[in-house]
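If you want the building blocks of each chain, they are given just below.
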Amino acid sequence: MRTMSVEDVHERWQELIASLASEGGILMTRDGEPFAKLLPPEPEDDDRPRYDPVAQKRWREEMWGKGVMMDSLSGLLEDREDRELISPEALAAWLEKQEDCDENGG
């Protein structure tokens, strides 16, 4: 780990950034006393689970039952039945499209 004063860090910032990974970090000092460490980021674990729409649908059906769609638009439309936010024809087309997606797995 490299040691640098605050003044050196300020003056040589671009060089410091370029060498940070190879140096393993920088120990910053003020008046000769260490006060901060600048470390390169840890490598991220890339083995975290990714979104899988098929698995999500399977989980949703197990949890809430088949044919139940969890979406915010339906709830909003039900809540605002007294207002015409979308034409009945457009709503029917949207609902039909959602049913087709559910039947085809996506």
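Residues numbered from 1 in each chain as written. Predicted model: local features only at pLDDT ≥ 70, side-chain atom pairs only at ≥ 80, totals over all residues. Heavy atoms only, no water.

**Considerations on the packing of aromatic side chains**
Inference 1: The full count for this structure, using the stated rule, is zero aromatic pairs.
Inference 2: The ring of F35 carries R30 above its face, with NZ or CZ at 4.3 Å from the centroid. (Phe/Tyr/Trp six-rings, centres within 6.5 Å; stacked < 30°, edge-to-face > 60°. Lys NZ or Arg CZ within 6 Å of the ring centre and 35° of its normal.)

**Details of the sheet that holds strand β3 (residues 33–38)**
Inference 1: Read across the sheet, three strands follow the order β1-β2-β3 without closing on themselves; strand pairing throughout is mixed. Two strands in the sheet have a free side with no partner beyond their single neighbour: β1 (2–5) and β3. Shown here is a sheet whose adjacent strand axes are inclined to one another by a mean of 35 degrees, direction ignored.
Inference 2: Across the sheet, helix α2 (residues 13–23) lies against β1, β2 (26–30) and β3, angled at about 160 degrees from β1, the strand it touches most. (Pairing = 2+ DSSP bridges. Helix = DSSP H or I, 4+ residues; strand = E, 2+ residues; numbered from the N terminus. Axes fitted to C-alpha atoms, helices over the stretch in contact; angles between N-to-C directions. Contact = heavy atoms within 4.5 Å.)

**Structural notes on the nonpolar core**
In globular proteins that are soluble, nonpolar side chains generally tend to be buried together.
Inference 1: Judged by nonpolar contacts, M4, V9, L16, L20, I26 and M28 together constitute the single largest core of six residues.
Inference 2: Elements supplying a minimum of two residues to this core: α2 and β2.
Inference 3: Once residues lying within four places of it in the same chain are set aside, the contact partners of M4 are V9, R12, L16, I26, L27, M28 and T29. (Core = buried A, V, L, I, M, F, W, Y, C linked by side-chain atoms within 4.5 Å. Buried < 20%, exposed > 50% of the residue type's maximum accessible area, 1.4 Å probe, protein only.)

**Quick notes on a nonpolar patch on the surface**
Inference 1: A cluster of nonpolar side chains, namely W59, M63 and W64, defines an oily patch on the protein surface of about 380 Å² accessible area.
Inference 2: Take W64: it is sitting in helix α3 (residues 53–64). (Patch = residues over 30% accessible without salt bridge, like charges linked within 9 Å, V, L, I, M, F, W, Y side chains within 5 Å. Areas by Shrake-Rupley, 256 points an atom, 1.4 Å probe, with all protein chains shown as cover. Salt bridge = Lys/Arg side-chain N within 4 Å of Asp/Glu carboxyl O.)

**Side note on the pattern of salt bridges**
Inference 1: Within the structure shown, the criterion is met by four salt bridges.
Inference 2: Between R12 and E15 there is a salt bridge, with the nearest N and O atoms lying 2.8 Å from each other.
Inference 3: We classify E15 as partly exposed; its relative accessible area is 39%.
Inference 4: Salt bridges linked by common partners bring R2, R12, E15 and E23 together as one network.

**Some remarks on the pairing of β2**
Along any regular strand the residues' side chains alternate between the sheet's two faces.
Inference 1: In this sheet, β2 lies alongside β1 in parallel orientation, the contact comprising four bridges. From the neighbouring strand, T3 faces β2, where its bridge partner is L27.
Inference 2: Once β2 ends, the chain turns through two residues before running back antiparallel as β3, passing D31 with a positive phi of about 55 degrees.

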